[in-house]
Structures are given as structure tokens and as C-alpha cells.
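Residue-level structural notes
Each chain is listed here by its residues.
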Amino acid sequence: MDSRIKRLIDATKIKFGLDNYYLKRHGLDRYVNIFNETVYTLSMEWFPNHVEEPEDDSNPEGTAVIEVNVHSHKFVSAIFVMEKTYAKNGISFAGLHINDIIKWVEQETGLTYGRQLQLQKEDDGRLLFKEVINGVDVSPSGSVEIKIDEEGKLTFFAVHGQFPSKEMIKEETYTLSFDKVEHLAKEQLKLIEFPSHDQKRLIPVYGVEEVYILNKQMTMIPFDFIANVRSYINIDKTISWDTPMKISFIRKEIRCEGITADQAFSSQPSPDSCPITKKEQEASVLAVKDFLRQEYPNDSGVWNLKTLHRDKGYIHASLGTNKQDNRIFQRKLRVIIDGSSLQAVNYMDNKPMLEIFDQFQAPDNSTINKGEAYKKLKNLYELKPYYVYDFEQKQYLLCGKLDCQYGVNASNGNVIFLTDL
């Protein structure tokens, strides 16, 4: 075992009080964050000494699944399976006030409560903190979650998100108001068919398509644009062909990255951090076309190749259909392309999920129009300040998030709470 990995393992055992455990599995992993930085982590699975190992390779109750950042030595997560711990002299909050737990979170994460974190939820034995920038919500969002058992012992700890440095934040005074963006609010009201599983029918609803609006320019950033995908490339190309391919497409297993200790401790950049070259773009478009000619031979002109992005040594191609309907879930296809051969090796199609809704009763006819629906919802819109990461400027920009928790049933004009659907 590499001595650097052993030091991390030994430190983990002491910190979490794992004398009653043995290390069953461990491995290195890496990912590229939204800042295009390669992050290396060591993941460990510690089994309780006295618990029999399941035959199906699952983790038994009480297993400690722990992940640590190789460079900062900060723990990303520590999860005890079934919220059962056999730790001895590990992390305990018995008899401590919530302020003491917050201090521990600050010390453990290096984050400052109030400026970077806010308590979002406090349930019995569970604390959920959300990422903020000086009290303002953030997108993509982050969180810190803690769970403790009845004895005050830690059973769950997880950190998600980026938590940027001050230099990455473009601070300014929030000046947006609903009056200033009302013309955009009307634009974002859409007629959408929501599936009701209880009624087994589709319900036509006027709902707001959430969007971010830049504080000063008052231009929109679509909500689906803010994703945890870094150097994705917009293609926006309809894929057409004259003749299908008669060779059947054979799926290949997606391989896992093999990462060495030297790669991890030298901070070797992941291939995923490299931009997709023009040559790779062209080859990927061709690979998608050949795949469609094999697997969807009658769909010439049906699919639009929207974006390409790297993931774990592969290039992922995201496609949607050119013909869109009003349903909330649209047909999507993801083609996975080998990063070396630039040939399609696997794919995911959400058609099986959508076919469930084909059994639902068709939506009733609309009895009100968009203007009438807007009048009913106007006072229920929400416009909240948000710091949103801009991938082009590589900064967090102040925006307003325009959203609405309510909708209007287009068949009867009733205002409804969307989560009730």
C-alpha cells in the first residue's frame, strides 16, 4: 500500500473511532468541479468486526463509508449504513448545543457560518445547512448535512458544493424588482401537461418556467443552463441521413477509471478538464449519426444533438427531439462515446419512463388563456436574489431567480400548489 494512502487511512480510523472496524475496501476517485479543477478523493468502506459480511457484496448495517479529499485532507462524507454506528471514542455531540455543532462544522469544512452557510432545516437529530454568499442563495447550490443518533454520535456527514473564494464573487447591490421584470414574467408562463399518478391523467397547467435574470443587464439565464457540467459545447444540430445502417448496435460496458496514487498526489489534471477539440466534435457528431442509423434507423431528422461534454474519459452527447409537446417530461437521449476511439459505446433513452404516461387519460380542453392565467398568478410570483456561476466569466454574478410555486389548472381556472400534483 502507498504510504501516503496509509497515512490517510490511519488518520480516518483515529478521527472516527473505528477500532471496532476493519477496512474492507478502498479506492481513489477523481472529478472535475465547475471551476474545471481536478479533485482527487480517497473512498473507504469500513466493516464492523462482529457483523457477518452479506453474500451479495452489499454493505452491512453499521458500515462506515468515508471519503476524504487527498490534498486538503478534509472529509467529504462519512456515512454509517442504516444510521447505525459502532464507533468508539469517535465524533460525538452528546450534551452539546447547536452552536457547538455549528463551530465543529466551521472547523471541519473551513467555512464561515452566516457568510457561506446558513441553517436551512433542523429536524430530530438532523441539521441541514445550505450554501450562501453573504446570506444570498447560490446556484449551483451546495450543502452540509449532519445526522446524529440518540446518544449524540455522528451517523451522517456530507459536504456538497463548491463554496467559492471571495475573489470569484462579483459583489453588487441587488436592484431587481418584479415591476422591472414583469415582461419576462409573462414570457415564462407556459402551458404544461403535468402527470397526476393518483388520477392517472394528464392535467393542463399554466406554470412558470423558472429562470435567472441578471441584476444589471436584466437578461435571462435559462434554469437548465445552470448545470454541474463544465466545458459543455452547444452543437444544436439536427441529425439526418439517407440510408440506415444494417449493422446492429452492440452496447459495451462503461469502464471505470483506474487512478494511481502518483496521479492523485501529483494533482494530475483529469482528461475531463481538457476542452473538446474541433476534431473530437466532428468525430462525435459522426458517431452519434452512425449510432442513430443503427439503433433508430427510421428517425432521420427526428433528433437534435444539443450538447457534448466530457465525463470519466467519455464524451456524452445529449439529444432531444425536434418535435416537442406540452408535457413536463420531454423525450431525451444520451449517447456515450469512447474518448479514445470516438465511437458510440452505450446510450440511455428515457422512452420507457415516458411510456408510463401514455396510459394516462388525455388532458381536458383549456377553458382559460395565458393572459387570464397570468392575472391569477401575478401576485404569487417569487423573485429572489441568487449568486449564479457564469461559466464564461468564471465568476459568480448577482441575479434574481424568477419562479412560482403555484400554477393554474387550465381546464377549470383553479389556482393550485404545484407540489400537490
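Look up: the structure comes first, before these words.
Residues numbered from 1 in each chain as written. Predicted model: local features only at pLDDT ≥ 70, side-chain atom pairs only at ≥ 80, totals over all residues. Heavy atoms only, no water.

Some thoughts on the overall build of the chain
- Across its full length, the chain carries 7 helices and 22 strands.
- Across its three principal directions, the C-alpha atoms of the chain cover 65 × 55 × 45 Å.
- Residue burial in the chain is summarised as follows: out of 421 residues, 46% are buried.
- Excluding contacts between residues fewer than 6 apart, the proportion of contacts in the chain whose partners are at least 24 apart in sequence is 61%.
- For the chain, the accessible surface area stands at approximately 22600 Å², while carbon and sulfur atoms represent 48% of it.
- Between the mean site of the 52 positive side-chain charges and the mean site of the 61 negative ones, the chain shows a separation of 4 Å. (Helix = DSSP H or I, 4+ residues; strand = E, 2+ residues; numbered from the N terminus. Buried < 20%, exposed > 50% of the residue type's maximum accessible area, 1.4 Å probe, protein only. Contact = heavy atoms within 4.5 Å. Areas by Shrake-Rupley, 256 points an atom, 1.4 Å probe, with all protein chains shown as cover. Lys, Arg positive; Asp, Glu negative; His and termini not counted. Charge placed at Lys NZ, Arg CZ, Asp CG, Glu CD.)

Re the nonpolar core
- Counting residues in each nonpolar core, the largest one holds 38 residues, and the members touching the most others are L42, I66, V144 and F157.
- The biggest single contributor to this core is helix α2 (residues 98-109), with 5 residues.
- Setting aside anything within four residues of it in sequence, one finds I66 in contact with T12, F16, L18, L42, S43, M44, W46, F75, S77 and A78.
- Counting 24 residues, the second largest nonpolar core, distinct from the first, contains L292, L319, V335 and I337. (Core = buried A, V, L, I, M, F, W, Y, C linked by side-chain atoms within 4.5 Å.)

Overview of the pairing of strand β9 (residues 154-160)
- Counted residue by residue, β9 has 6 buried out of 7 residues, so it is predominantly covered.
- Looking at chain direction, strand β4 (residues 75-80) and β9 are connected through 3 bridges and run antiparallel. By the bridge assignment for β9, S77 is matched with A158.
- When strand β8 (residues 143-148) meets β9, the two strands line up antiparallel, connected through 6 bridges. Its bridge partner lying in β9, I148 is registered against L154.
- Counted between consecutive antiparallel strands, the loop separating β8 from β9 contains 5 residues, among which G152 sits at a positive phi close to 90°. (Pairing = 2+ DSSP bridges.)

So, the sheet that holds strand β15 (residues 303-311)
- Pairing is antiparallel in the open sheet, where 5 strands are placed in the order β14-β15-β16-β17-β18. Whereas interior strands pair on both sides, the edge strands pair on one side only; in this sheet they are β14 (233-238) and β18 (344-349). The mean inter-strand angle of the sheet, taken between neighbouring strand axes irrespective of direction, is 20°. (Axes fitted to C-alpha atoms, helices over the stretch in contact; angles between N-to-C directions.)

Quick word on a negative patch on the surface
- On the surface, E52, E55, D56 and D57 cluster together into a negatively charged patch.
- Take E52: its relative accessible area is 72%, and that puts it in the exposed class. (Patch = residues over 30% accessible without salt bridge, like charges linked within 9 Å, V, L, I, M, F, W, Y side chains within 5 Å. Salt bridge = Lys/Arg side-chain N within 4 Å of Asp/Glu carboxyl O.)

As for the side chain of D299
- Tracing the backbone shows D299 in the loop between α5 (278-295) and β15.
- Nearest to the buried, unbridged D299 among oppositely charged side chains is R331, at 5.3 Å.
- Within the local environment of D299, its side chain forms a polar contact with the side chain of W303, the two groups lying 3.1 Å apart.
- Leaving out residues up to four positions away in the same chain, D299 has contacts with I239 and W241. (Polar contact = N/O pair within 3.5 Å; in protein donor to acceptor, adjacent residues only side chain to side chain.)

Looking at unusual backbone geometry
- That bond from S139 to P140 is cis: its omega, -5°, falls within 30 degrees of zero.
- Relative to the assigned elements, P140 resides in the loop between β7 (136-139) and β8.
- Even without glycine at this site, N36 takes up a positive phi of about 65°.
- Its place among the elements puts N36 in the loop between β1 (21-32) and β2 (38-48).
- Residue class for N36 comes out partly exposed when judged on its relative accessible area of 31%.

Side note on a nonpolar patch on the surface
- A surface patch of nonpolar side chains, about 340 Å² in accessible area, is lined by I328, F329, M353 and I356.
- The topology assignment puts I328 in the loop between β16 (314-321) and β17 (332-338).

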